[in-house]
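Here are the chains, one letter per residue:
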Amino acid sequence: MPSRSPAAAPASARSWLIWLTAAFVYILAVFHRASFGVAGIEAADRFGVGAAALATFTVLQVGVYAAMQIPAGVLVDRFGPRALLSVALVFLGSGQILLAVADTYSLGLLARGVLGVGDALTFVSVLRLAANHFPARQYTLVTSFTGALGFAGSLAATLPLTLLLAGPGWLPTFLIAGVVTMLFVVVVQWRVHDSPHVRVASTESVPMRDVGRQVLTALRVPGTRLGFWTHFSTMFGQNVLVLLWGVPFLVQGQGYAVTTASSLLAVFVIGAMVGGPLVGSYIGRRPEARMPMVVTFLIASGLTWTVLLSWPGRIPLGVLVPAFAVLSLGGPVSAIGFALARDYNPLPRVGTATGVVNVGGFVATTVTALLIGLLLEATGGNFRIALLSVVAMLALGSWRMAVWWRRARAAVFAAEERGEPVPVQLRRRRWDACVPVPDRVAAPV
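Residues numbered from 1 in each chain as written. Predicted model: local features only at pLDDT ≥ 70, side-chain atom pairs only at ≥ 80, totals over all residues. Heavy atoms only, no water.

What about the packing of helix H4 (residues 81-101) against helix H8 (residues 170-191)?
Heads up, the condition is: A fitted line through C-alpha atoms represents every axis, and for helices the fit uses only the stretch in contact; the resulting angles, taken between N-to-C directions, go from 0 to 180 degrees. In DSSP terms, a helix is any run of H or I states spanning at least four residues, a strand is any run of E spanning at least two, and both are numbered starting from the N terminus. Oblique is the label for any angle not covered by the other classes, which are roughly parallel (under 35 degrees), roughly antiparallel (over 145) and roughly perpendicular (65 to 115). Note on convention: near helix rotated counterclockwise from far helix by under a right angle means a left-handed crossing. Clockwise means right-handed.
Close contact between H4 and H8 brings their axes to 8 Å; oriented N to C, the two are set at 165°. In terms of their interaxial angle, H4 and H8 are classed as roughly antiparallel. With respect to the hand of their crossing, H4 and H8 are arranged in left-handed fashion.

Notes on the packing of aromatic side chains
Just so we agree on the cut-off: Ring pairs are drawn from Phe, Tyr and Trp, using the six-membered ring of Trp, whenever the two centres fall within 6.5 Å, and their geometry is named by plane angle: stacked under 30 degrees, edge-to-face over 60, tilted for the rest. The buried label applies to any residue whose accessible area, calculated with a 1.4 Å probe on protein chains only, is under 20% of its type's maximum; exposed applies above 50%, and partly exposed to all values in between.
Evaluation of the coordinates by the stated rule reveals 14 aromatic pairs. Relative to Phe 362, the ring of Tyr 65 has its centre 4.2 Å away and its plane inclined at 45°; by these criteria the two rings are tilted. You can see Tyr 65 sitting in helix H3 (residues 51-79) and its partner Phe 362 sitting in helix H16 (residues 350-379), a full 297 residues away along the chain. According to the relative accessible area criterion, Tyr 65 is buried, its value standing at 3%. Here Phe 362 falls in the buried class, since its relative accessible area comes to 6%. When the ring of Phe 123 is compared with that of Phe 338, the centres are 5.2 Å apart and the planes differ by 70°; the resulting orientation is edge-to-face. On the criterion of sequence distance, the pair formed by Phe 123 in helix H5 (residues 105-133) and Phe 338 in helix H15 (residues 336-344) is long-range, its members being 215 residues apart.

A look at the side chain of Thr 173
Basically, it comes down to this: Throughout, a contact is declared for two residues whenever any of their heavy atoms are within 4.5 Å.
If you trace the backbone, Thr 173 turns up in helix H8. The residues touching Thr 173, leaving out its near neighbours within four places in the chain, are Leu 161, Leu 164, Leu 165 and Pro 168.

Quick notes on the environment of Ser 310
Short version of the rule: We define a polar contact as two N or O atoms separated by no more than 3.5 Å, with the added condition that, inside protein, one atom must be a possible hydrogen donor and the other a possible acceptor, whereas residues neighbouring each other in sequence contribute only through side-chain atom pairs.
For Ser 310, the location among the structural elements is in helix H12 (residues 290-310). A distance of 2.5 Å separates a polar side-chain atom of Ser 310 from the backbone oxygen of Thr 306.

Focus on H15
Most of H15 sits out of view: nine of its nine residues are buried. Of the residues making up H15, those classed as buried are Ile 336, Gly 337, Phe 338, Ala 339, Leu 340, Ala 341, Arg 342, Asp 343 and Tyr 344.

Brief notes about helix H6 (residues 136-156)
Rules: Multiplying 1.5 Å by the helix residue count minus one yields the expected span of that helix.
For H6, with 21 residues, the first-to-last C-alpha span of 31 Å sits near the 30 Å given by 1.5 Å per residue. Listing the buried residues of H6 in full gives Gln 138, Tyr 139, Thr 140, Leu 141, Val 142, Thr 143, Ser 144, Thr 146, Ala 148, Gly 150, Gly 153 and Ser 154.

Some points on the packing of helix H10 (residues 222-253) against helix H13 (residues 317-328)
Here is the rule: Side-chain classes follow a simple rule in which Ala, Val, Leu, Ile, Met, Phe, Trp, Tyr, Cys and Pro form the nonpolar group, Asp, Glu, Lys and Arg form the charged group, and the remainder, Gly included, forms the polar group.
For the pair H10 and H13, interaxial distance at closest approach is 12 Å and the crossing angle is 160°. With respect to each other, H10 and H13 are oriented roughly antiparallel. Here H10 and H13 pass one another in a crossing that is right-handed. Across the interface between the two elements, Gln 238, Leu 241 and Leu 250 of H10 pack against Leu 320, Phe 324, Leu 327 and Ser 328 of H13. Among the residues making up the contact of H10 with H13, the classes are represented as five nonpolar, two polar and no charged.

Here we look at a nonpolar patch on the surface
Spelled out, the test is: To count toward a patch, a residue needs a relative accessible area above 30% and no salt bridge. Like charges then connect within 9 Å, nonpolar side chains (Val, Leu, Ile, Met, Phe, Trp, Tyr) within 5 Å. Accessible areas in this description were obtained via Shrake-Rupley with a 1.4 Å probe; residue shielding takes into account the shown protein chains only. A side-chain nitrogen of Lys or Arg and a carboxyl oxygen of Asp or Glu constitute a salt bridge if their distance falls within 4 Å.
Nonpolar side chains collect at one region of the surface, where Val 101, Leu 171, Leu 175, Val 179 and Leu 183 lie side by side and expose about 400 Å² of accessible area between them. Element by element, the count of residues in the nonpolar patch is highest for H8, at four residues. Mapped onto the fold, Leu 183 is located in helix H8. Looking at Leu 183, the relative accessible area reads 56%, which means it is exposed.

Remarks on the confidence of the model for the chain
Defined as follows: What pLDDT conveys is the predictor's confidence in a given residue, as a value from 0 to 100.
Averaged over the chain, the pLDDT score is 82; the fraction of residues at 70 or greater is 86%. In the predicted structure, residues 1-7 sits below a pLDDT of 50 and forms 26 contacts with residues beyond four places in sequence or in another chain. Across residues 423-445, where pLDDT falls below 50, the model places 82 contacts with residues more than four positions away in sequence or in other chains.

Overview of the nonpolar core
Using the following cut-off: To qualify as a nonpolar core, a set must consist of buried Ala, Val, Leu, Ile, Met, Phe, Trp, Tyr and Cys residues joined through side-chain atoms within 4.5 Å.
Among the nonpolar cores identified, the biggest contains 56 residues, and Leu 226, Trp 305, Leu 308, Leu 320, Phe 324 and Ile 372 are the most heavily contacted of them. Those residues in contact with Leu 308 that lie beyond four places of it in its chain are Ile 315, Leu 320, Ala 323, Phe 324, Leu 327 and Arg 384. Residues Ala 11, Tyr 65, Leu 127 and Ala 335 belong to the second largest nonpolar core, which totals 38 residues.

Considerations on the pattern of salt bridges
Summed over all chains, the structure comprises two salt bridges. Arg 33 is the partner of Asp 119 in a salt bridge, and the nearest nitrogen-oxygen pair spans 2.7 Å. Of this pair, Asp 119 sits in helix H5 while Arg 33 sits in helix H1 (residues 13-38), and the two are 86 residues apart along the sequence. Measuring nitrogen to oxygen at the nearest pair gives 2.9 Å for the salt bridge that ties Arg 128 to Asp 77. Placement of the pair is Arg 128 in helix H5 and Asp 77 in helix H3, with a sequence separation of 51 residues. Taken individually, Arg 128 and Asp 77 each receive the classification buried, so the pair is uniform in this respect.

Here you go:
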């Protein structure tokens, strides 16, 4: 059985304070990630580009984020979350400062790429820190709280940022945001400890030639693959709407005003902020309910998209609001993927496995966003046809998740038959076979 730290005792108040400091770094990252959403008009004027070129900013950042997840996981396992959070703040601040002074399209793209690197280092580091400080039964709750707090960054990047751009303007707003972010490095170095007992945890240095082997080892674990496809299937639908296509769908496809469309997207923020802690606390108490909850959400999501895409004529607000509320739970449910990565991998490899899992949802988001754009161009702006790509991606992810759920259960049951110690949550005939498993039974079946 992989060694676990900390023990099963609840985390101390000091550990909660350390996590909260790290979570604030994630809030800053989400703020910077979402800041371009309300700066689009100013950016188009500043860089002299059209809508297609403007969309490249979002696709670039999400692509960089996804590409960096596995390297980020390897780095946090090697250097620790405290160091990676500090580096993330430097990249985030530098990217925003560069954006503040950028006056060409290419320089603006570079700035968002730098910011994307910093964003990519943040969430994995916070989850790795949580794995060090919290027992398994609290880990999912802490993960859900982290995701919920991130939406505070999204809220700060809406009306407050809009008012700042309309007042002080582009340069002061983004320059101050970048400088404040970089200064928070001092707080991280002062308050964050890698583990409950030491400020900087001593980790075994992994030679660069063994990095690929470490990633492959994490990938061989059925629970890691299950976490990847769980994350892939559950969170991309809301991301596609919030980050890029939600407002065009509601305005151009449904005929709503821009202000109404923006208000409707707030349903995703509120739903995730409320649903995150509720989902986390429930599955923390009942880990065997994790996969049934994922399956329930996927069925509900499929039915929701069926209603939205088959509704005759304009979809009324009375249908859109509950539909978006259902889809908003994809973020909280996707946190189950990180719990699988933690439970199935030994602690020194949790960061790498978490990075692998986190790639899933953002790969799905990037691919689906591009497919929607291509289908819109091919069909002359038919959103009903273009959004069918969401349904196709949902079907693909659900199928692969079912395959790896079966293989994860088979690995656990095989260990039980060999007489190896298996935790009570893994007893045969339980729906969920997704908590700590010995490494020697982790190979795919």
